[in-house]
Structures are given as C-alpha cells and as structure tokens.
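Chain and residue survey
Okay, here's what each chain looks like letter by letter:
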Amino acid sequence: MNSDRIFNVIIVVLMGFVGYLAYQRLYGDADYGKRIQDIGRTMVTSREGHTVTLSSLLAQGDKTDNTHLLILELENCESCLYKGITDIQSLAKSGNHTLVVVVNDWPIEVKSWAEHYPDIPIFAMPKSTFYNHFNLSYLPAILRIEGEKVVTHRDITI
Amino acid sequence: MRYYLFLLVSLFSQAGEGIELSLVETWTHDRLFGGYRFSSIIDPQGSVIGMFQKDPPYIMRKDQVAQLRPRGQGPSDLESAFGVCLRGEEVIVAEHNGKIKVFEREGNEYKWKESIYRAPTPNGFFVSDIEWCQDRLFLAGVSMKVGQDGKSQLARVGSFDKKGKPLKEFAIAEVNLKNRMKSFLYMSFYLATTRDRVYFMDETRLTVWEIDARTNKELRKVSLAKPSFYKPMPEDFYDFSQNEGPRSAFEMKLVEWKTGYSRVTNMEILGDQLVVQIRTAKPGMPLFGLLFYDLETMNLQATSFLDDLLLGVHENRLYFFAGGNPGLDDEAENCSIKIFERAETK
C-alpha cells in the first residue's frame, strides 16, 4: 500500500517535471514578457531627427506579424556589432520586419554610424529610456517581438 | 660624457652627411604619464598632442599641459584613445570601436567638428596609429582573420574612405602560431605620411612599407640597413605559450621584450628623410638610436643617439619625451619635452 503511494507520488513529480520542461521548450524564458516595459511609450529618434514611439515602428497587422529588433550600443564589441548587423540584414533579406535601435544620448553620433547602413531602419534611444524600460543584461541582443510582446531573445556574442 | 662619445660616433662612423641635433627648448611640467604605448603629433602651432596608454589625450605647450578634451562619451568628449593625427589644421583622434573624432582649432582650444565611424568588421581592428592622406584614412594595428586550418592572416594597415568605409588592407602576414595571435595586441605600429605617400613599420623589424595614397596601392617594401649596434628581436618574441605563470611574470617579460632589443619606438618624416627611432639595447649606450634614411633611396645617411623618446617632428624640429617612455623607463617620470633642431653638417 505504502509502496503504491510512493510510486504515485514519484509519477506525479516526474509528470510535473516533464510538463515544466515542455512549457520551457514551448514558451522559453518566462522573463521575455518583462524585458520591455511600456513599449508603447518608448521613444526613439530617426536619422532625420524625428521622434516616434517604438510601438509605431513594430510590425502591425495580424498576429503572426513579428519584428526582429537589434538593440546595441556603439561601444559594444566590434565583432558582435558586425554579427548583429549581418543577422539583421539576413533576416530582412528573407522577408522579416527588422529594426535597429542604438542606445546613445546623441542622435548625431548614431546618424554618423548609420551612414554605413542606408537600407536598415536605425533609430537612437536615450540611455535613460533604455535603463527605465528595458531589462537586458547584455548588448547587443536581437529580440523577436510579436505585437508588443517579446517572445524570444538572443544575446549576440562571438 | 657618453653623449659626446656617441655623438662623435654618430657623426663620423656613418657614410655621407652627418646630422647634428641642437637642443633649443625644454618644457617641464608637473604631470605624470603611464603606459608604454603612445601616439603623438606636433600640431601646426608647435604643441605636442598625444597620449600614453593609461591617459586620455593631452595637449602640451611650453606654459601648460592640459587634457585635449574632457573625458566622457559625448561627441566633444574623449574616452579611451589609440591614435592621433593631423588633417590639415585639424586634429583627428581614433577612439575604440571605429569611432574617429575630428577637432578644429578655435583660439587656444580644439573643438569637436564631426565624428566618423569606421564600419564594424568581423574581427575588429585594434588601432595603434592613424594617418590621414589624400582624403583617405589609414589605420595601423591589427585586423585578424582566423582561418579554419589553424593558419591565420592579419593585416597591419587598413585604408578607409573619408566616411570610414573599408577600402583595402596592406602588410598582410600569415601567422601559424596560435599563441602569437594575442601578442600582436601588445605590439606598436607606426605610420607616417608625405603629401601622397604613407609609410608603415611595425616595432619588430627594420622594414618599411610605402603606399601610394592616391592610387591606394603598395609601392614597395624595403628592408632598411641596420646600424652596427642593432640587436634584433628574437623570433619567439611575445610568445604567450612560454608565459603561463602569473600575470606579473608576463608583464616583466613584456618589459624585457620592449626594452631588451632594438625595437622600433617611432617613425617620422622630416623633409626628405625617414627618421626611425630604435632602442640601442646595449649597456653603456644611450637608450635610443635615431636613424636617418633617405626617403627616395632608403639608404642610411646618419645616426644620432639620445636618451629621449621621439614624439614627433614639426618643420625642422624634433620633439622628445625626456628620459624615454614613461611606461618603461625609470628616468621618464615627469613630463619634460625636449625640442631639438636639426642642422646638417657636411
């Protein structure tokens, strides 16, 4: 009798563990949703100097529309920047909606850097905005955003 | 006494013309600098602009030594800097990650004019020196390409257009030893320019590359004549595989490599001569030998000896940091700039 009960407990625990693994596999890091807060109010500046909300730049349409957002600082490792930009160009080439946000307080600096990439939509974001709304411990990173929700996240390292 | 002895040696032992250097000014300031790697220029007003490894860029004048720009991340600020050069009357500073800032003179100060960003490359470019020539930017340093077969290539000079777009790489070398790759990050590389030529040397040997800046083509690679005191660096210089002990042991070894051989410590163009400064690495001799090569024939014309580190040239004057390199030489503690004038003796 006791051994049956122990067996049942073990089965329940194992099933719970399998369920947890399946959830992680399907939905990934539970923190994804918290990586950007108030995305609708996050402001960025275009190369032309226009200030817009980040949400207005995200892919809008049916639920399958998603945006790949590369977020970086100009001081990040050069190889990582190269890899991040190359990945974004590759994603754009295969039909994905892409954006690049450079965390920097001086849009004129971002504009100079962005001259190398005339075909990529590049925006500047003040550091204070980044620290107040983003929960990323490492940059550069590529986020996949569905609607206004971050669904996957990848640090770009060498 | 040893100055006079070696001055005599330098004047009479070399074939052709002799070079006499006469001290015309000394500026002394109460300011310490640190780190062996440096980059410096003499601006059109005759001020020294430069930085040693552990300091931001400074401007040194007869009556003042001050930071070129405040430290910071803004467009007009400077953070870590790796190379400095002139573009006409403007000063260009290479910061990290391809950030290049241009400053123009306003009265006694340099103000930010524009930033140029070099496009990121797969393995980065570790900058040691920078020059502007014929509307092109030239960087000396290390751009690595790691191959699958263990063999690696590195380019030591890169040319870029005025917007920072890569154009061409020069002085490309094959590197087989894995441990040697990192070593190049500790080496110094030098550029010097005439109106349309760029000259490149690395610190390890007396070889100079000449590049035509108009056509962006390598013209020649010349092995320069070695003076009698020349002590070549060993083939296994900077071999990290021999230094698996504590970091302090490696740093001691680094000082030995930097001072124990006839390492190139600077290269400049003075009129129609290529001036190369090397360490003598011989006890009892002054720290440095100053070699004057004819720019056309690359023949060694004269040699002088000094205990001071060459910072740059302006008109007919050579500027030195007294006592050597503050990161390596005990005598180079305080900021003392010595200015010599060149006089040719037949």
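Residues numbered from 1 in each chain as written. Chains lettered and ligands numbered in written order. Predicted model: local features only at pLDDT ≥ 70, side-chain atom pairs only at ≥ 80, totals over all residues. Heavy atoms only, no water.

Looking only at helices and strands, chain B features three helices and 24 strands. Taking all 346 residues of chain B together, 58% fall into the buried category. Restricting the contact set of chain B to residue pairs at least 6 apart, pairs at least 24 apart contribute 50%. Counting every atom, chain B has about 14700 Å² of accessible surface; 49% of that belongs to carbon and sulfur. (Helix = DSSP H or I, 4+ residues; strand = E, 2+ residues; numbered from the N terminus. Buried < 20%, exposed > 50% of the residue type's maximum accessible area, 1.4 Å probe, protein only. Contact = heavy atoms within 4.5 Å. Areas by Shrake-Rupley, 256 points an atom, 1.4 Å probe, with all protein chains shown as cover.)

A tally of regular secondary structure across chain A gives four helices and seven strands. Along the chain direction, N to C, the helices and strands of chain A fall in the order α-β-β-β-α-β-α-β-α-β-β. Across the 158 residues in chain A, those meeting the buried criterion constitute 41%.

This next bit is on the nonpolar core. Membership of the largest hydrophobic core comes to 23 residues, with the highest contact counts inside it found for Leu206, Val208, Leu224, Met267, Leu274 and Val276 of chain B. Non-local contacts of Val208 of chain B, meaning those with residues more than four positions away in its chain, are made with Tyr199, Phe200, Met201, Arg220, Lys221, Val222, Leu224, Met267, Leu274 and Met298 of chain B. (Core = buried A, V, L, I, M, F, W, Y, C linked by side-chain atoms within 4.5 Å.)

Moving on, we get to the sheet that holds strand E18 (residues 264-270) of chain B. Residues and elements named next belong to chain B. On the basis of which strands lie adjacent, the open sheet formed by four strands has the order E18-E19-E20-E21 and antiparallel pairing. Pairing within the sheet leaves two strands with one partner each, and these edge strands are E18 and strand E21 (300-306). Averaged over all pairs of adjacent strands, the angle between their axes in this sheet comes to 20°, without regard to strand direction. Here strand E19 (residues 273-279) pairs with strand E20 (residues 288-294) via seven bridges, running antiparallel. Across the sheet, residue Val275 finds its bridge partner in E20, namely Phe292. (Pairing = 2+ DSSP bridges. Axes fitted to C-alpha atoms, helices over the stretch in contact; angles between N-to-C directions.)

This paragraph deals with the pairing of strand E23 (residues 317-321) of chain B. Residue and element names in this part refer to chain B. In terms of residue burial, E23 counts as a mostly covered element, since four of its five residues are buried. When strand E22 (residues 309-314) meets E23, the two strands line up antiparallel, connected through five bridges. Looking across to E23, one finds that Leu310 is bridged to Phe320. As consecutive antiparallel partners, E22 and E23 are separated by two residues, and within that stretch Glu315 has a phi angle of approximately 55°, a positive value.

Let us look at the interface of chain A and chain B. With 17 residues of chain A at the interface, the matching set in chain B holds 21 residues. Across the interface of chain A and chain B, roughly 1700 Å² is buried in total on both sides, 54% from carbon and sulfur atoms. Across the pair Glu115 of chain A and Lys163 of chain B runs a salt bridge whose closest N-O atoms are separated by 3.5 Å. At the junction of chain A with chain B, the criterion picks out 15 residue pairs in polar contact (both at pLDDT 80 or more). Elements that contribute at least two residues to the side of chain A that touches chain B include exactly helix H2 (78-93) and helix H3 (107-114) of chain A. Looking at the side of chain A that touches chain B, its residues break down into eight nonpolar, four polar and five charged. (Buried area = accessible area lost by both parts, 1.4 Å probe. Salt bridge = Lys/Arg side-chain N within 4 Å of Asp/Glu carboxyl O. Polar contact = N/O pair within 3.5 Å; in protein donor to acceptor, adjacent residues only side chain to side chain. Nonpolar A, V, L, I, M, F, W, Y, C, P; charged D, E, K, R; others polar.)

Right, let's get into the pattern of salt bridges. Taken as a whole and assessed by the stated rule, the structure comprises 26 salt bridges over all chains. Here Lys127 of chain A ties to Glu73 of chain A by a salt bridge, and the two come within 3.8 Å at their closest N and O atoms. Pair noted here: Lys127 of chain A is in helix H4 (residues 127-133) and Glu73 of chain A is in the loop between strand E3 (66-72) and H2, with a separation of 54 residues, a long-range link. A relative accessible area of 17% places Glu73 of chain A in the buried class. Among the salt bridges present, the one from Arg197 of chain B reaches Glu210 of chain B, with a minimum N-O distance of 3.5 Å. Here Arg197 of chain B, found in strand E15 (residues 197-202), pairs with Glu210 of chain B, found in strand E16 (residues 207-212); they are 13 residues apart in sequence, far enough to count as distant. Owing to a relative accessible area of 24%, Arg197 of chain B belongs among the partly exposed residues under this scheme.

All names here are of chain B. Enumeration over the complete set of coordinates arrives at 14 aromatic pairs over all chains. A ring pair is formed by Phe33 and Tyr58, whose centres lie 5.3 Å apart and whose planes are at 85°; its orientation type is edge-to-face. Here Tyr58 lies in strand E4 (residues 58-60) and Phe33 lies in the loop between strand E1 (18-32) and strand E2 (38-42), a separation of 25 residues in the sequence. This pair shows no difference in class: Phe33 is buried, exactly as Tyr58 is. Aromatic side chains Phe189 and Phe200 sit 6.2 Å apart centroid to centroid with 10° between the ring planes, which places their arrangement in the stacked category. (Phe/Tyr/Trp six-rings, centres within 6.5 Å; stacked < 30°, edge-to-face > 60°.)

Right, let's talk about the confidence of the model for chain B for a bit. The predicted coordinates should not be examined in detail at positions where pLDDT is low. All names here are of chain B. Predicted confidence across chain B gives a mean pLDDT of 87, with 87% of residues reaching 70 or more. E16 holds the highest mean pLDDT among the elements of chain B, 98, whereas helix H1 (residues 2-13) holds the lowest, 46. In this model residues 5-16 is a low-confidence stretch, pLDDT under 50, and it forms 19 contacts with partners more than four residues away in sequence or in other chains. (pLDDT = per-residue confidence, 0-100.)

We now examine the state of the cysteines. Residue and element names in this part refer to chain B. Counted by the stated rule, this structure contains one disulfide over all chains. The thiol of Cys85 is not disulfide-bonded; the next cysteine sulfur, from Cys133, is found 10 Å away. Under the relative-accessibility criterion, Cys85 is labelled buried at 0%. (Disulfide = S-S within 2.5 Å.)

Of all the positions in H3 of chain A, only Glu109, Val110, Ser112, Trp113 and Ala114 of chain A are classed as buried. On its buried face, H3 of chain A sits against E3, H2, strand E4 (97-103) and strand E5 (122-125) of chain A together with strand E8 (99-106) and strand E9 (109-117) of chain B.

It is worth spelling out H2 of chain A at this point. Residue and element names in this part refer to chain A. When the terminal C-alpha atoms of H2 are compared, their 22 Å separation across 16 residues agrees well with the 22 Å that a helix rising 1.5 Å per residue should span. For H2, the complete set of buried residues consists of Glu78, Ser79, Cys80, Leu81, Gly84, Ile85 and Ile88. Considering only its buried residues, H2 is in contact with E3, E4, H3 and strand E6 (141-146). Note on H2: the residue one or two positions beyond its end, Gly95, has a positive phi of about 95°. (Expected span 1.5 Å × (residues − 1).)

Right, let's get into the sheet that holds E2 of chain B. Residue and element names in this part refer to chain B. Across the sheet, four strands lie side by side as E2-E3-E4-E5; this open sheet has antiparallel pairing. Pairing within the sheet leaves two strands with one partner each, and these edge strands are E2 and strand E5 (65-67). When strand polarity is set aside, the average angle formed by the axes of neighbouring strands in this sheet is 20°. As paired elements, E2 and strand E3 (residues 48-52) share five bridges and run antiparallel to each other. Pairing of Phe38 across the sheet is with Phe52, part of E3.

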